[in-house]
Amino acid sequence: QVQLVESGGGLVQPGGSLRLSCTVSGNIFSINGMGWYRQSPGKQRELVADIAREGRTNYVESVKGRFTISRDNAKNMVYLQMNYLAPEDTAVYYCNADVTYIQGDQLHGMDFWGEGTLVTVSS
């Protein structure tokens, strides 16, 4: 089975920075796209940033210039560097990965999700 574990969330002041990490483990054959989503109470989950295996990235407009997504394919990890944080960035952040995994002698592909890590931006 494939599992994703996030870390790095916490309380930070406006203008501060945090770095989120996500580690993918299990019977992995390959990891395709990876991304970070976030969700605040009463709002839908939204894509923050994603990154393809070769490094192409996409960002939601509100974080462009402030957040940077990166990945380490050798370690099966993805990161989100968050700078110039604002109260509007407060949310639970979820890691996502499109994984091709081994089940028996077959390959299967699906999206997997982490349990989330809370980021709170407040004075």
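Residues numbered from 1 in each chain as written. Predicted model: local features only at pLDDT ≥ 70, side-chain atom pairs only at ≥ 80, totals over all residues. Heavy atoms only, no water.

**Structural notes on the overall build of the protein chain**
Next up, step 1: For the protein chain, the count of helices and strands is 0 helices and 11 strands.
Next up, step 2: Secondary structure elements in the protein chain, listed N-terminal to C-terminal, are β-β-β-β-β-β-β-β-β-β-β.
Next up, step 3: For the protein chain, the C-alpha radius of gyration of 15 Å lies close to 14 Å, the compact-globule estimate for 123 residues.
Next up, step 4: Its C-alpha atoms give the protein chain principal-axis dimensions of about 55 × 25 × 25 Å.
Next up, step 5: Contacts in the protein chain between residues far apart in sequence, at least 24 positions, make up 56% of those at least 6 positions apart.
Next up, step 6: Entry remark: accessible area of the protein chain is about 6,800 Å², with carbon and sulfur atoms responsible for 47%.
Next up, step 7: Taken together, the 10 basic and 12 acidic charged side chains of the protein chain have centroids lying 5 Å from each other. (Helix = DSSP H or I, 4+ residues; strand = E, 2+ residues; numbered from the N terminus. Rg over C-alpha atoms; globule rule 2.2 N^0.38 Å. Contact = heavy atoms within 4.5 Å. Areas by Shrake-Rupley, 256 points an atom, 1.4 Å probe, with all protein chains shown as cover. Lys, Arg positive; Asp, Glu negative; His and termini not counted. Charge placed at Lys NZ, Arg CZ, Asp CG, Glu CD.)

**Focus on the sheet that holds strand 1 (residues 3-7)**
Next up, step 1: Here we have 4 strands laid out as an open sheet, ordered 1-3-8-7, and antiparallel in their pairing. The open sheet has two edge strands with one neighbour each: strand 1 and strand 7 (67-72). Averaged over all pairs of adjacent strands, the angle between their axes in this sheet comes to 15°, without regard to strand direction.
Next up, step 2: As judged from the 6 bridges shared by strand 7 and strand 8 (residues 77-82), these two strands associate in the antiparallel manner. Within strand 8, the position partnered with Ser70 by the bridge is Tyr79. (Pairing = 2+ DSSP bridges. Axes fitted to C-alpha atoms, helices over the stretch in contact; angles between N-to-C directions.)

**Description of the nonpolar core**
As a rule of thumb, soluble globular proteins bury nonpolar side chains together.
Next up, step 1: The biggest cluster of nonpolar side chains holds 29 residues, and the ones touching the most others in it are Trp36, Leu80, Met82 and Tyr93.
Next up, step 2: Of all the elements in the fold, those that place two or more residues in this core are strand 3 (18-25), strand 4 (28-39), strand 5 (46-51), strand 7, strand 8, strand 9 (91-103) and strand 11 (117-121).
Next up, step 3: A per-element tally of this core places strand 9 first, with 6 residues.
Next up, step 4: Every residue in contact with Tyr93, bar those within four places of it in the chain, is listed here: Glu6, Leu20, Trp36, Tyr37, Arg38, Val48, Phe67, Leu80, Met82, Gly116, Thr117 and Val119. (Core = buried A, V, L, I, M, F, W, Y, C linked by side-chain atoms within 4.5 Å. Buried < 20%, exposed > 50% of the residue type's maximum accessible area, 1.4 Å probe, protein only.)

**Remarks on the state of the cysteines**
Next up, step 1: Scanning the entire structure with this criterion turns up 1 disulfide.
Next up, step 2: With a sulfur-sulfur separation of 2.1 Å, Cys22 is cross-linked through a disulfide to Cys95. Residues Cys22 and Cys95 are joined by a disulfide whose S-S torsion is about -85°; by sign, that bridge is left-handed. Of the two residues, Cys22 sits in strand 3 while Cys95 sits in strand 9, which places them 73 residues apart along the sequence. The residues Cys22 and Cys95 share a single accessibility class, namely buried. (Disulfide = S-S within 2.5 Å.)

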